[in-house]
Amino acid sequence: MDLHPHAPERNLPRLNVLLAGPRGFCAGVDRAIKIVEEAIRRYGAPVYVRHEIVHNRFVVESLERQGAIFVEELDEVPDDAPVVFSAHGVPKSVPAEASRRKLFYLDATCPLVSKVHREAEQHFSRGRHILLIGHAGHPEVVGTMGQLPEGTVTLIEDAERARTTPVPVDRPLAFITQTTLSVDDTTDIVAALRERFPDIHAPAKEDICYATTNRQAAVKAIADRAELMVVVGAPNSSNSLRLVEVAERAGCPKAVMVQRGRDLDLSLAGGLRTIGVTAGASAPEVLVEEVLARLRERFELAIEEVVVAEETITFKLPSALQTEGAR
Ligand code: 0CJ
Ligand code: F3S
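Residues numbered from 1 in each chain as written. Chains lettered and ligands numbered in written order. Predicted model: local features only at pLDDT ≥ 70, side-chain atom pairs only at ≥ 80, totals over all residues. Heavy atoms only, no water.

Under an unreviewed UniProt entry, the name given to the protein is 4-hydroxy-3-methylbut-2-enyl diphosphate reductase, and the organism recorded is Belnapia arida. Under the UniProt heading Sequence similarities (unreviewed entry), the entry covering the protein gives this text: "Belongs to the IspH family." (UniProt positions renumbered as here; feature names shortened; annotations may be inferred.)

Printed below as a string of structure tokens:
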């Protein structure tokens, strides 16, 4: 006989959750999303966005509901609509083409990516050949290489290629990097470059951004206590993919990426005592909450947040959006 007919029937196993801090949105992502929202508010829908504003379907779909239309190339944008360039940056040819067509455009390139673009231009103006450490085909890499004439930047993808890729011998060299790389892999690649080219010019302050650095450090801080790491992020998000790698390399037996709470296979956490949860720079906190809600379907959660750095940085909106008025 049931002596407690009204007692909750939940007698769930306990699961410790280590929440990595910082996680989720960075200042550049926050700014990029605000640029699209503010453009829709000022100019009305539709506002076109070239490429996913940040690599997250949930963000993209929420902006679509507000009136954004996402395209891959400028030729899909009509002459009379505003267009926003994504946080990852664009080759110089893109604003040039927009100006030629007299399009009204807003550039949501993260200021920390723009900083790398300016470094590239400076090296070029000083006669240096540039080695860009990054992942082939990623939009940030396409954008950074596209700041300079073809043939003046060589892409270096890993330490092996740092040792072997042919580079011009008649000019001084400099390296720059993508902002969302693995901090540890990049250290190895830079070491290989310095060994091969002792005089190579390095960035004054490294190009991997504060958000990438902090999210990787936060994952490292919890990886050896976690039996599973759940990374909220998208498979085309470079910084999120790096968090999966960092977790496994730092001693976590398994790391998985999920885009939404429903994507998490709860059987992975069955029988575990402690898991870690983090989110890439383009993943909103509401999706972390979804993951926690999903876990609560089968576990009694004991959540501990482990914070390795406080982030206070914010970026201003482009000047066109700072004052009231027409475009
Ligand atoms: O490239 C960037 C400026 C990072 C933007 C935020 O992250 P995400 O996931 O959109 O882009 P990555 O693929 O570069 O990490
Ligand atoms: Fe910028 Fe770094 Fe975020 S480059 S968009 S602050 S991941």
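Picking up after the structure, the text goes on.
A. A look at the domain arrangement of the protein. Assigned domains of the protein: these are domain 1 (14-25 + 210-307), domain 2 (27-110 + 314-322) and domain 3 (114-196). The C-alpha centroid of domain 3 is placed 27 Å from the C-alpha centroid of domain 2. Each partner contributes residues to the interface: domain 2 has nine residues there, and domain 3 has ten residues. When the two sides are added together, the surface that domain 2 and domain 3 hide from each other amounts to roughly 700 Å², 52% of it contributed by carbon and sulfur. Per-residue buried area on domain 2 facing domain 3 is highest for His88, Pro91 and Lys92; these three make up 56% of the total on that side. With a closest N to O distance of 2.3 Å, Glu121 and Lys92 form a salt bridge. (Domains from an automatic or database assignment. Contact = heavy atoms within 4.5 Å. Buried area = accessible area lost by both parts, 1.4 Å probe. Salt bridge = Lys/Arg side-chain N within 4 Å of Asp/Glu carboxyl O.)

B. Molecular detail of the sheet that holds strand β4 (residues 83-85). If you walk across this open sheet you meet the four strands as β3-β2-β4-β5, and the pairing is parallel. With one partner strand each, in any of the chains shown, β3 (68-71) and β5 (105-107) form the two edges of the open sheet. Between one strand axis and the next, the sheet turns through 25° on average, direction left out of account. Across four bridges, strand β2 (residues 47-50) lies against β3 in parallel orientation. Within β3, the residue paired with Arg50 across the bridge is Val71. (Pairing = 2+ DSSP bridges. Helix = DSSP H or I, 4+ residues; strand = E, 2+ residues; numbered from the N terminus. Axes fitted to C-alpha atoms, helices over the stretch in contact; angles between N-to-C directions.)

C. Here's a closer look at the nonpolar core. Ranked by size, the top nonpolar core spans 27 residues in total, and within it Val36, Ile53, Val54, Leu63, Val84 and Leu106 carry the most contacts. Only α1 (27-43), β2, α2 (57-66) and β3 provide two or more residues apiece to this core. A total of eight residues in this core trace back to one element, the largest contributor, which is α1. Every residue in contact with Leu106, bar those within four places of it in the chain, is listed here: Ile35, Ala39, Tyr43, Val83, Val84, Phe85, Ala320 and Leu321. (Core = buried A, V, L, I, M, F, W, Y, C linked by side-chain atoms within 4.5 Å. Buried < 20%, exposed > 50% of the residue type's maximum accessible area, 1.4 Å probe, protein only.)

D. Looking closely at the UniProt feature "binding site: (2E)-4-hydroxy-3-methylbut-2-enyl diphosphate" (unreviewed entry) in the protein. As recorded in UniProt, the sites labelled "binding site: (2E)-4-hydroxy-3-methylbut-2-enyl diphosphate" (unreviewed entry) are His55, His88, His138, Thr179, Ser237, Ser238, Asn239 and Ser282. Of the annotated set, the members that line the largest cavity are His55, His88, His138, Thr179, Ser237, Ser238, Asn239 and Ser282. Residue placement: Thr179 occurs in the loop between β8 (173-177) and α7 (183-196). In this structure Thr179 touches Leu112, Val113, Val116, Glu140, Asp207, Ile208, Cys209 and Thr212, once residues within four positions along its chain are discounted. With respect to the helices, strands and loops of the structure, Ser237 is situated in the loop between β9 (228-232) and α9 (238-249). Residues within four places of Ser237 in sequence aside, it is in contact with His55 and Ser282. (1 Å grid on protein atoms, 1.4 Å probe; cavity = no way out; pocket = protein on both sides within 12 Å on 5 of 7 lines; lining within 4 Å.)

E. Summary view of the site of ligand 1. Close contacts around ligand 1 come from 14 residues, with His55, Ser237, Ser238, Asn239 and Ser282 the closest. Ser238 is positioned with one of its backbone polar atoms (N or O) 2.6 Å from an oxygen atom of ligand 1. Contact between ligand 1 and Ser282: an oxygen atom at 2.6 Å from a side-chain N or O atom of the residue. Alone, ligand 1 offers 370 Å² of accessible surface; in the complex the protein occludes 96% of this. For ligand 1, the cavity whose grid points lie within 2 Å of the majority of its atoms is the largest cavity. Among the residues making up the shell around ligand 1, the classes are represented as four nonpolar, nine polar and one charged. (Near = heavy atom within 4 Å. Polar contact = N/O pair within 3.5 Å; in protein donor to acceptor, adjacent residues only side chain to side chain. Areas by Shrake-Rupley, 256 points an atom, 1.4 Å probe, with all protein chains shown as cover. Sits in = over half its atoms within 2 Å of the grid points. Nonpolar A, V, L, I, M, F, W, Y, C, P; charged D, E, K, R; others polar.)

F. View of the site of ligand 2. Lining the immediate environment of ligand 2, one finds Cys26, Gly28, Val29, Cys110, Leu112, Thr179, Cys209, Tyr210 and Ala281. Applying the majority rule of atoms within 2 Å of the grid points places ligand 2 in the largest cavity. Considering only residue class, the shell around ligand 2 consists of seven nonpolar, two polar and no charged.

G. Spotlight on the pairing of β8. Among the five residues of β8, five are classified as buried, and the element is accordingly described as predominantly covered. For strand β6 (residues 129-133) and β8, the ladder comprises five bridges, and the chain directions are parallel. Residue Ile130 lies in a different strand from β8, and its bridge partner there is Ala174.

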